[in-house]
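Chain by chain, the residues:
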Amino acid sequence: MIRVRFEDARGGGVQEVQAPPGVRLLEVAQNAGQPLEGTCEGQMACSTCHVIVAPEDFERLPPASEEEEDMLDLAIGAVRTSRLACQILLTDTLDGLTLRMPSAHRDMQGR
Ligand code: FES
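Residues numbered from 1 in each chain as written. Predicted model: local features only at pLDDT ≥ 70, side-chain atom pairs only at ≥ 80, totals over all residues. Heavy atoms only, no water.

A.B. asks: Pulling in residues and values, what's your account of the pattern of salt bridges?
C.D. replies: Following the criterion strictly, the structure yields five salt bridges and no others. As a salt-bridge pair, arginine 5 and glutamate 16 come within 3.8 Å of each other at their nearest N and O atoms. Of the two residues, arginine 5 is situated in strand β1 (residues 2–7) and glutamate 16 in strand β2 (residues 14–19); the sequence distance between them amounts to 11 residues. The class for arginine 5 is partly exposed, based on a relative accessible area of 28%. Of the charged contacts in the structure, one is a salt bridge between arginine 24 and glutamate 27, with a shortest N-O distance of 3.1 Å. Overall, the relative accessible area of 23% leaves arginine 24 in the partly exposed class. (Salt bridge = Lys/Arg side-chain N within 4 Å of Asp/Glu carboxyl O. Helix = DSSP H or I, 4+ residues; strand = E, 2+ residues; numbered from the N terminus. Buried < 20%, exposed > 50% of the residue type's maximum accessible area, 1.4 Å probe, protein only.)

See below:
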């Protein structure tokens, strides 16, 4: 099993979950109750699955495709280590991956 850690952007602690290899990070986050909409279900057409990867873990991820980079350009609150959770498949090398939800996510809902 691969451990994934979600940090609360407002300092409310860390939630650690485990998932098997091959599962999409978007599903892991949603199963953990993280506020990720993933509206387009992985079609790279929404950017509501935007997560911020801990800088020390970023290099462990396979590089983003050009399409993903383009969507991230449109994502609110995107930073250098932003990724789309629907594009990341868990592998053993990602064990311990730490992520944060962009704080703009909650504001985006319902607007
Ligand atoms: S779910 Fe829409 S871009 Fe990831």
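A.B. asks: Before we move on, could you go through the pairing of β2 and cite the residues and values that matter?
C.D. replies: With six bridges joining them, β1 and β2 adopt antiparallel strand pairing. Opposite valine 4, over in β2, you have valine 17 as the bridge partner. Connecting β1 to the next strand, β2, in antiparallel fashion are six residues, including glycine 11 with a positive phi near 80°. (Pairing = 2+ DSSP bridges.)

A.B. asks: Which residues make up unusual backbone geometry, and what are the values?
C.D. replies: Phi is positive for glutamate 41, which is not a glycine, with a value near 55°. You will see that methionine 44, though not glycine, has its phi angle at about 55°, which is positive. Here methionine 44 shows up in the loop between α1 (25–31) and β3 (50–53). According to the relative accessible area criterion, methionine 44 is partly exposed, its value standing at 21%.

A.B. asks: An account of the environment of arginine 100 is requested, with residue identities and associated values reported.
C.D. replies: Relative to the helices and strands, arginine 100 resides in strand β5 (residues 97–100). Sequence separation between arginine 100 and alanine 85 is 15 residues, and the spatial gap between their C-alpha atoms is 11 Å. With residues near it in sequence (within four places) discarded, arginine 100 still touches Glu7, Ala9, Val51 and Ile52. (Contact = heavy atoms within 4.5 Å.)

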